[in-house]
Amino acid sequence: MTSKQRAYLKSIAQTTEPIFQIGKNGLTPEITEAILLALDARELVKISVLNNCLEDPKDMCQVLSERTHSVPVQVIGKKIVLYKPAKKNAKIKLPS
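Just so it is clear, the structure is predicted and the values come from calculations on it, not from any experiment.

Chemist: Outline the environment of P85, supporting the account with residue identities and numerical values.
Modeler: With respect to the helices and strands, P85 occurs in the segment after β4 (79–83). Along the backbone, P85 and L64 are 21 residues apart, and their C-alpha atoms lie at a distance of 15 Å.

Now the structure itself:
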């Protein structure tokens with residue numbers, strides 16, 4: 001992914017509200033599965049890590065991207081943004 005494409009995805013994520021919150025239980029298989037389903041439906045997902053979560057958001061982003069086969073776009077503070085291009089009917093057209 002180029003820096004131009006990453007910047008484009010960051011601009012979309014800036015106006016998007018987080019659709020998942022990860023709390024004290026951390027990354028459970030259920031959360032990972034739900035994020036995978038959301039990535040398949042939306043392509044771009046923003047996740048909020050709550051203050052009571054003991055895990056590091058950067059480490060969580062790496063683990064989530066490996067488990068969901070997605071691309072980590074950014075981690076800012078306690079927010080994680082992941083991108084997974086759709087196989088059919090892509091909603092997000094990345095600049096080349």
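Chemist: Give a description of unusual backbone geometry that names residues and reports values.
Modeler: Even without being a glycine, H69 presents a positive backbone phi close to 55°. Positive phi, normally seen in glycine, also occurs at N89, with a value near 50°. Position of N89 relative to the elements: it lies in the segment after β4. By relative accessible area, N89 is classed as exposed at 70%.

Chemist: Help me get a handle on helix α2 (residues 29–42), residues and values and all.
Modeler: With 14 residues, α2 extends 20 Å between its outermost C-alpha atoms, agreeing within 8% with the 20 Å of an ideal straight helix rising 1.5 Å per residue. All of the buried residues in α2 are I31, T32, I35, A38 and L39. Seen end-on, α2 carries its buried residues on one side only, within an arc spanning 125°. Exposed and oriented more than 90 degrees from the buried face of α2 are P29, E30 and L37. Among the structural elements, β1 (20–22), β2 (44–49), α3 (57–68) and β4 are those in contact with the buried residues of α2. Looking one or two residues past α2, E43 carries a phi angle of roughly 80°, positive in sign.

Conventions adopted
- Residues numbered from 1 in each chain as written.
- Predicted model: local features only at pLDDT ≥ 70, side-chain atom pairs only at ≥ 80, totals over all residues.
- Heavy atoms only, no water.
- Helix = DSSP H or I, 4+ residues; strand = E, 2+ residues; numbered from the N terminus.
- Buried < 20%, exposed > 50% of the residue type's maximum accessible area, 1.4 Å probe, protein only.
- Expected span 1.5 Å × (residues − 1).
- Arc of directions from axis to C-beta.
- Contact = heavy atoms within 4.5 Å.

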